[in-house]
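Listed below are the residues making up each chain.
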Amino acid sequence: MLDKINIIEEHYKIAKEKYAALGVDTDDVLKKLDSIPVSIHCWQGDDVKGFENPNGELTGGIHATGNYPGAAKTAEELRRDLEKAFSLIPGKKRLNLHAIYLETNGEKVERNEIEPKHFKNWVEWAKKQQIGLDFNPTFFSHPKSSDGLTLSHPDREIRDFWIEHLKRSRKISEYFGRELGTPSIMNIWVPDGMKDITIDRLGPRQRLKASLDEGLAEKIDKKYHIDAVESKVFGIGAESYTVGSHEFYEGYAIANNLALCLDAGHFHPTEVISDKISSVSLFVKDILLHVSRPVRWDSDHVVVLDDELMAIAKEIIRNDLTDRVHIGLDFFDASINRIAAWVIGTRNMFKALTIALLEPNKALQNAEKKFDFTTRLAMNEELKSYPWEAVWDYYCYTKGVPVGIEWLEEVKEYEKAVLLNR
């Protein structure tokens, strides 16, 4: 063990000197990395079923594929799995909850009746974990969303049901912020859309706007709660028309001073959200990211350390947006160990931030301002082979989490001891 620690420290020393020659202080980089939270999504652990009706069918464009054993069936199981994942991930963490993860002690509670008390156990657990909580109203997988419309439904009674759900979700989010001392980011996404050729594209958007206006009418201190809205290009059952398009929500966020959520899988296959961050930052104060990995479309694959993930991290760091961009993860894979999915995806997000923080940003920008594109390209390419891994390994070591792939053995042991016995 001593030899291994010596190797980690020696490699870090070499990397520190190499980056210092570029004007980058790696000790300072690790301090900055330690201050950037990543909101980990609860729904990877149970395939987005929640505890309202765990055996219910997923609807509204939501679909988890695979039947790997060990999915959490109770809130206690999910929290235990999250604790295991947290123990293998360095960095500052938050947890993102959906409304369907309420705890009611067996009582039937409709979505327009949910209250802070149904999330008390989550708050007490978050206090022990010393993390913040984020929230999402759940507009899918419910009989009143079976027509494919919720807040934009032509039936006023159905709209009222979902408007009340939105109002109550905001109070739960505010409760999180007050109890935990950090604002809860509450993201609003609705599955509303149509499968085939749509005649009236304006009417549903008018109803959606009116419903949002009503649901968001109460002013809540941003010290405790921040509203965000999320668009989507299309989904299963909404292939031809999505009411909440990017143009709709971008305009709504700007007009109402809300956060705008950019989901990596919610645009056309050739679009990337990394290029949208700088533009959006000019017009909205807060940006919420749902970092995912679309394969062909919004399929929410586990995040890997690919070009787009690194581009997302670089846009945040290069533009000094860490206080305005809220990083959340959104993926679910039921074909592999669910805890491993959390660990792989979240560690990759932090790896991408590490790489971005290690850039000699000023030198690269100076070269660009001078139109010295030769230097810009040369430096970009050389940086690809710089020893960022040594800095990352040292960070994991100092945070007391496994270095390299050592974490996988812990996950496999947990699978044998816990997951396979469910």
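Source: prediction; values computed, not measured.

Definitions and limits used
- Residues numbered from 1 in each chain as written.
- Predicted model: local features only at pLDDT ≥ 70, side-chain atom pairs only at ≥ 80, totals over all residues.
- Heavy atoms only, no water.
- Helix = DSSP H or I, 4+ residues; strand = E, 2+ residues; numbered from the N terminus.
- Expected span 1.5 Å × (residues − 1).
- Buried < 20%, exposed > 50% of the residue type's maximum accessible area, 1.4 Å probe, protein only.
- Arc of directions from axis to C-beta.
- Contact = heavy atoms within 4.5 Å.
- Patch = residues over 30% accessible without salt bridge, like charges linked within 9 Å, V, L, I, M, F, W, Y side chains within 5 Å.
- Areas by Shrake-Rupley, 256 points an atom, 1.4 Å probe, with all protein chains shown as cover.
- Salt bridge = Lys/Arg side-chain N within 4 Å of Asp/Glu carboxyl O.
- Axes fitted to C-alpha atoms, helices over the stretch in contact; angles between N-to-C directions.
- Parallel < 35°, antiparallel > 145°, perpendicular 65-115°, else oblique.
- Left-handed = near helix turned anticlockwise from the far one by under 90°.
- Nonpolar A, V, L, I, M, F, W, Y, C, P; charged D, E, K, R; others polar.
- Core = buried A, V, L, I, M, F, W, Y, C linked by side-chain atoms within 4.5 Å.
- Domains from an automatic or database assignment.
- 1 Å grid on protein atoms, 1.4 Å probe; cavity = no way out; pocket = protein on both sides within 12 Å on 5 of 7 lines; lining within 4 Å.
- Points joined across faces, edges and corners; volume = space filled by probe spheres on them.
- Buried area = accessible area lost by both parts, 1.4 Å probe.
- Polar contact = N/O pair within 3.5 Å; in protein donor to acceptor, adjacent residues only side chain to side chain.

**Focus on helix H14 (residues 406-417)**
- Over its twelve residues, H14 runs 18 Å from end to end, which matches the ideal 16 Å to within 8%, given 1.5 Å per residue.
- Those residues of H14 not exposed but buried are Trp407, Val411, Tyr414 and Glu415. With its buried residues spanning 105° around the axis, H14 presents them on a single face. Residues of H14 that are exposed and angled more than 90 degrees away from the buried face: Lys416 and Ala417.
- Looking at the buried positions of H14, the neighbouring elements they touch are helix H3 (75-86) and helix H10 (338-357).

**Regarding a nonpolar patch on the surface**
- Side chains of Ile254, Leu282 and Phe283 sit close together on the surface and give an oily, nonpolar patch of about 350 Å² of accessible area.
- With respect to the element layout, isoleucine 254 can be found in helix H7 (residues 246-256).

**Thoughts on the packing of helix H5 (residues 156-180) against helix H6 (residues 202-215)**
- H6 packs onto H5 with a crossing angle of 40° between their chain directions and a minimal axis gap of 9 Å. Classed by the angle they form, the pair H5 and H6 counts as oblique. The two elements H5 and H6 cross, and the hand of that crossing is right-handed. Contact residues: H5 offers Arg156, Arg159, Ile163, Leu166, Lys167 and Arg170, while H6 offers Arg207, Ser211, Leu212, Glu214 and Gly215.
- Residue composition of the contact of H5 with H6, grouped by class: three nonpolar, two polar and six charged.

**Digging into the nonpolar core**
- Core analysis: the biggest nonpolar cluster contains 124 residues, and Leu97, Trp122, Leu212, Leu289 and Leu353 have the highest contact counts within it.
- With twelve residues, the top contributor of residues to this core is H10.
- Counting only domains with at least three residues in this core, you end up with domain 1 (1-35 + 359-421) and domain 2 (37-358).
- Residues contacting tryptophan 122, with those up to four places away along its chain left out, are Phe51, Ala75, Leu78, Arg79, Leu82, Leu95, Leu97, Tyr101, Glu103 and Leu133.
- Formed by six residues, the second largest nonpolar core is a distinct cluster that contains Ile185, Ala259, Cys261 and Leu288.

**Let's talk about the layout of surface pockets**
- Considering only enclosed or pocket space, the largest pocket measures out at about 530 Å³ in volume.
- Pro37, Lys92, Arg94, Thr182 and Pro183 are the residues nearest the centre of the largest pocket, which is lined by 26 residues in total.
- Contributions of two or more residues to the lining of the largest pocket are made by strand S1 (37-41), strand S2 (92-98), strand S3 (132-136) and strand S12 (325-329).
- Its residues assigned to classes, the lining of the largest pocket comprises ten nonpolar, eight polar and eight charged.

**Description of the domain arrangement of the protein**
- One can read the domain layout of the protein as domain 1 (1-35 + 359-421) and domain 2 (37-358).
- Each side of the interface is counted separately: domain 1 has 31 residues, and domain 2 has 31 residues.
- For the pair domain 1 and domain 2, the summed buried surface comes to about 2,800 Å²; carbon and sulfur atoms form 65% of the total.
- Inspection of the region where domain 1 meets domain 2 yields eleven residue pairs in polar contact (both at pLDDT 80 or more).
- Those elements that place two or more of their residues in the side of domain 1 that touches domain 2 are helix H2 (26-33), helix H11 (361-369), helix H13 (388-398) and H14.

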